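A closer look at the structure
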Amino acid sequence: MPPWRFRSGGLACAVAIAVATATAASVVVAAGAADGEAEFDYRKLSGIIIPGFASTQLRAWSVLDCPYSPFDFNPLDSVWLDSTKLFSAVNCWLKCMLLDPYNQTDHPECKSRPDSGLSAITELDPGYITGPLSSIWKEWVKWCVEFGIEANAIIAVPYDWRLPPSMLEERDLYFHKLKLTFEIALKLRGGPSLVFAHSMGNNVFRYFLEWLKLEIAPKHYIQWLDKHIHAYFAVGAPLLGSTESVRATLSGTTSGLPVTEGTARLMFNSFAASLWLLPFSKYCKADNVYWKHFFEGKAHINRQQCDEMEYSSDNSGWPTTLVSIEVPTDREDITSNMECGKPTLLSFSAREVSDGTLFKTMLDYDPQSKALIHQLEKYYQGDPVLNPLTPWDRPPIKNVFCIYGIDTKTEVGYYFAPSGKPYPDNWIITDVIYEFERSLLSRSGHSFSGKPNNSSGDGTVSYNSLSWCKQWLGPKVNITRAPQAEHDGSDLQTSMNTEHYHGEDLFPNMKRAPHVKYITYYEDAESIPGWRTAVWELDKANHRNIVRMPVVMRELWLEMWHDMHPYSQSKFVTKAFRGPLRHEDCHWDYAKARCAFPEFCEYRYTFGDVHLGMSCRLKYSSTKLLRQYL
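Read on for a plain summary of the structure. Being a predicted model, the structure only gives us computed values, none of them experimental.

Let's talk about the overall build of the chain
Looking only at helices and strands, the chain has 20 helices and 23 strands in total. Taken across its 630 residues, the chain has 58% of its residues classed as buried. Considering only contacts in the chain between residues 6 or more positions apart, those separated by 24 or more positions represent 70%. Only carbon and sulfur atoms are counted for the fraction: they give 53% of the accessible area of the chain, which is about 25800 Å².

Put into structure tokens, the structure is as follows:
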């Protein structure tokens, strides 16, 4: 989902692994040789970043004169996101942003294309004021540079996030280029890559894996994956979609941009990629496109096939009805005052949203829904590779880590009614249903039916969608809950070899101390030999800011360093304790008048320190500290 919300940095988690790699490379290899250990070159790994929705810089590829404004658009000018032009020439800006809703072509007067390289994903709107507000990957790249990561070890693969998956390939050959990126990284650095995807970037990577099946001979498919991809980190992945996309489609979501909701809706609905994030049922699957290509050599419409649970359960496995729309009993009264008569309430489940029932029903009241129906049928149900609006299976990659935040108030349902205004302002939200921790509540306070999840989502994606990856875990799972902050292990809780039944959520019966944020690890105890699967749930981690969290960076660093070390003794990195690993982790303990973690940190003043905490530094090298986690 968009990271452009001001006071957010909608991040994607990716660079972390490269950090672990390079730091370990620079300090561990030499130390290992000095201690008589076998040398192991950690520098062979590459980190490939796939950003999320609206997380790639778009630049103008046309000359557009803007009347009544001192600003024009010239080739290579920033379009997404240039706040100056957005404020002063919003109509021109929209021409460079909008696509034709039916064929996804550019506006006749202006077109935009995605930028390339790391600069395309670090900061959307550079500037003294706007820069920090639109920062995405900048801080992580800076963090990596401080640890000596080589420039060619971090590879960004930006894309035009407005386009549906098939158009990414048809117009830009994006998936061909992505395949070459993996192959070049292997040739350049000599080792497989680590994939970091955030939010919709996970949908892009899923589509790439399915597209790759049709490009590589079946007997070589798994070999290619094993050779080129070591691990996949899915951060904030909307595995069953996100309800926020419904809100954006019907009423518009500005996410902090200085535009009206109607303008945001107009823009959002012109991007067929917007439907890529629609919520869908976990009980409905599509036909196997791969086998139809293999045996018949032609594409088919990927209609959903639902099992009996879809019709015997409530709300397609979601906590409540996703969409409820109040419409006049008489269709001709759609623009009249709703108080004149009792409206009819139409309700739609996740299945009815993703299969087009919602938009086809709305067509009688909102003719603009015709474009949405066209996009859904052409670019999703008719996609030649995959219907993305179907549940995920575990990717056939050796190491899969699913990371997301929980226990944040998240929207899971909406009530809409006609506003009496013309499109795009013809619908208003009359009520919103939220999930919060283990309960459901409405904005208005009115009663409604529903069944809450075991937790709540990350503020953007609901818990049932984020936690779908728990289905990828095996029948035996080791669960560990630990504080997110550095700790000595005294507050550690574990449950080993916990039974996990396929199709059911896995929720530990563990205590929570007040005001303590935890991270809960779910790790395969018994899995396919050579494969590992883990799920990390972080308390209060926001969808857009999760990879800004030091705890995420630390855990990725430790896990990959442990994973690639030739003398690691356990399947996953130990959780027994978490001590400081960098000078920044040391701080002053005012209660004891000394540096905290005295076994790791000491007071060591350096010219330029302006407070006591800055003078607290590690006693030992990173090499010695990292060995504790093998």
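Section: the side chain of S281
Note on placement: S281 falls in the loop between α12 (261-270) and β8 (284-286). A polar contact is formed between the side chain of S281 and the backbone nitrogen of Y283, at a distance of 3.0 Å. Only 2.5 Å separates the side chain of S281 from the side chain of E310, close enough to count as a polar contact.

Side note on the side chain of E523
Summarising the element assignment, E523 is placed in strand β18 (residues 518-524). On the basis of relative accessibility, which here comes to 7%, the residue E523 falls in the buried class. Side-chain polar atoms of E523 contact the side chain of K575, separated by 2.6 Å.

A few points about the nonpolar core
Membership of the largest hydrophobic core comes to 114 residues, with the highest contact counts inside it found for W93, W161, F205, F208 and V323. In terms of residue count, the dominant contributor to this core is helix α9 (residues 200-213) (eight residues). Excluding residues that lie within four positions of it along the chain, F205 makes contacts with I50, F182, V195, I229, Y232 and I397. Within the second largest apolar cluster, 24 residues are counted, among which are F401, A534, W536 and A541.

Comments concerning the pattern of salt bridges
This structure, assessed with the given rule, holds 27 salt bridges. Between D505 and K470 there is a salt bridge whose closest N-O contact spans 3.2 Å. Placement of D505 in the loop between β17 (493-499) and β18 and of K470 in the loop between α18 (463-466) and β16 (476-483) is noted, with a sequence separation of 35 residues between them. The exposure class of D505 is partly exposed, given its relative accessible area of 33%. Look at K470 and you get buried, because its relative accessible area is 0%. Here E499 and K476 are joined by a salt bridge, their closest N and O atoms 2.5 Å apart. Placement of the pair is E499 in strand β17 and K476 in strand β16, with a sequence separation of 23 residues. What makes E499 partly exposed here is its relative accessible area of 40%.

Notes on the packing of aromatic side chains
If you walk through the whole model with that rule in mind, you get 26 aromatic pairs. Put simply, the rings of Y159, Y174, F175, F182, F205, Y207, F208, W211, W224, Y232 and W276 touch in pairs and so form one group of aromatic residues. Above the ring of Y434, the side-chain terminus of K409 is found at 4.4 Å from the ring centroid. Above the face of the Y521 ring, K575 is positioned so that its terminal group lies 4.7 Å from the ring centre.

Observations concerning helix α19 (residues 550-564)
Here α19 spans 21 Å end to end across 15 residues, near enough to the 21 Å set by a 1.5 Å rise per residue. By the criterion of burial, α19 is predominantly enclosed, with 14 of the 15 residues buried.

Considerations on the sheet that holds strand β15 (residues 439-442)
Backbone-to-backbone hydrogen bonds join strands into a sheet, with any given pair of strands oriented parallel or antiparallel. Ordered in space as β11-β10-β13-β14-β15, the five strands form an open sheet in which the pairing is mixed. Edge positions in the sheet fall to β11 (344-348) and β15, since each has one partner strand and no second. Pairs of neighbouring strands in the sheet enclose a mean axial angle of 20°, with direction left out of account. One ladder, built from three bridges, connects strand β10 (residues 323-327) with strand β13 (residues 410-418); its direction is parallel. Within the sheet, the bridge partner assigned to V323 lies in β13 and is Y414.

A few points about the pairing of strand β1 (residues 46-50)
Across the five residues of β1, five count as buried, placing the element largely inside the fold. Taking every second residue as pointing to the same face, both faces of β1 are buried, with S46, I48 and I50 on one and G47 and I49 on the other. Pairing geometry for β1 and strand β6 (residues 193-198), over five bridges, is parallel. Pairing of I50 across the sheet is with A197, part of β6.

Some words on the state of the cysteines
This model, assessed by the stated rule, comprises six disulfides. If you count the bonded cysteines of the chain from the N-terminus, they pair up as 1-2, 3-4, 5-6, 7-8, 9-11, 10-12.

The rules behind these values
Residues numbered from 1 in each chain as written. Predicted model: local features only at pLDDT ≥ 70, side-chain atom pairs only at ≥ 80, totals over all residues. Heavy atoms only, no water. Helix = DSSP H or I, 4+ residues; strand = E, 2+ residues; numbered from the N terminus. Buried < 20%, exposed > 50% of the residue type's maximum accessible area, 1.4 Å probe, protein only. Contact = heavy atoms within 4.5 Å. Areas by Shrake-Rupley, 256 points an atom, 1.4 Å probe, with all protein chains shown as cover. Polar contact = N/O pair within 3.5 Å; in protein donor to acceptor, adjacent residues only side chain to side chain. Core = buried A, V, L, I, M, F, W, Y, C linked by side-chain atoms within 4.5 Å. Salt bridge = Lys/Arg side-chain N within 4 Å of Asp/Glu carboxyl O. Phe/Tyr/Trp six-rings, centres within 6.5 Å; stacked < 30°, edge-to-face > 60°. Lys NZ or Arg CZ within 6 Å of the ring centre and 35° of its normal. Expected span 1.5 Å × (residues − 1). Pairing = 2+ DSSP bridges. Axes fitted to C-alpha atoms, helices over the stretch in contact; angles between N-to-C directions. Disulfide = S-S within 2.5 Å.

It is worth stressing that arrangement in space is one thing and function is another; only the former is reported here.
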